[in-house]
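Structural overview
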Amino acid sequence: DHRDLHLSIRRQRQMCIRDSIYFSVISGSFRSKSNAKKQLNELISQGYQASFTSLNPKGLFRVAYARLNTRKEAASLIFTIKGDGKDAWLLIED
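From a predicted model like this one, the values you see are computed outputs, not experimental measurements. (Residues numbered from 1 in each chain as written. Predicted model: local features only at pLDDT ≥ 70, side-chain atom pairs only at ≥ 80, totals over all residues. Heavy atoms only, no water.)

**Considering the pattern of salt bridges**
Rules: Think of a salt bridge as a Lys or Arg side-chain nitrogen and an Asp or Glu carboxyl oxygen that are within 4 Å of each other. Numbering of helices and strands starts at the N terminus; helices are DSSP runs of H or I of at least 4 residues and strands are runs of E of at least 2. Only protein chains enter the accessibility calculation, which uses a 1.4 Å probe; a residue is then buried when its area is under 20% of its type maximum, exposed when over 50%, and partly exposed in between.
This structure, assessed with the given rule, holds 2 salt bridges. Between Glu93 and Arg67 there is a salt bridge, with the nearest N and O atoms lying 3.1 Å from each other. Of this pair, Glu93 sits in strand E4 (residues 89-93) while Arg67 sits in strand E3 (residues 61-68); the two residues are 26 residues apart in sequence, bridging distant segments of the chain. The exposure class assigned to Glu93 is buried, which follows from its relative accessible area of 8%. Overall, Arg67 belongs to the partly exposed group, its relative accessible area being 33%. The salt bridge partner of Lys82 is Asp87, with a shortest N-O separation of 3.9 Å.

**A closer look at the pairing of strand E1 (residues 22-30)**
A regular strand places its side chains so that they alternate between the two faces of the sheet. Going by this rule: Whether two strands pair comes down to DSSP finding at least two bridges between them.
Across 5 bridges, E1 lies against E4 in antiparallel orientation. In the sheet register, Ser24 faces E4, and the bridge partner there is Leu91. Alignment of E1 against E3, held across 7 bridges, turns out to be antiparallel. Bridge pairing links Phe23 to Leu68 in E3.

**Side note on the sheet that holds E1**
The 4 strands are arranged E2-E3-E1-E4 in an open sheet whose pairing can be described as antiparallel. Looking at which strands have only one partner, the edges of the open sheet turn out to be strand E2 (51-52) and E4.

**With respect to the nonpolar core**
Formally: To qualify as a nonpolar core, a set must consist of buried Ala, Val, Leu, Ile, Met, Phe, Trp, Tyr and Cys residues joined through side-chain atoms within 4.5 Å. Throughout, a contact is declared for two residues whenever any of their heavy atoms are within 4.5 Å.
With 16 residues, the main nonpolar core has Val25, Tyr65, Leu77 and Ile81 as its most contacted residues. If you list the elements that add at least two residues to this core, you get E1, helix H2 (33-45), E3 and helix H3 (71-83). Once residues lying within four places of it in the same chain are set aside, the contact partners of Tyr65 are Val25, Ile26, Ser27, Leu43, Tyr48, Gln49, Ala50, Leu77, Ile81, Lys86, Asp87 and Ala88.

**Some thoughts on H3**
For the record, the criterion: How far a helix is expected to stretch is found by multiplying one less than its residue total by 1.5 Å.
Here H3 spans 18 Å end to end across 13 residues, near enough to the 18 Å set by a 1.5 Å rise per residue. Next to the buried residues of H3 lie E1, E3 and E4. Just past H3, the residue Gly85 takes up positive phi, approximately 85 degrees.

See the structure below:
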């Protein structure tokens, strides 16, 4: 019926929105791409699913510990990283 169609459309819309948003846990931002690559490789060697994210507005290269699908996963990772005495912050990318 009509209600089921509306619910289905809303669910699909939420799925599309969710697919396009990343919750990136940022390790640092670097002016030098070489330094960003060093940090990326260091995080990968420590077992993180590290990657570059979008450039920041000042043109710095951002390195993420991970790009995750939910805020909850990102918050958990940040908690763990900070518990190890390292710094991290959340960047929401869409």
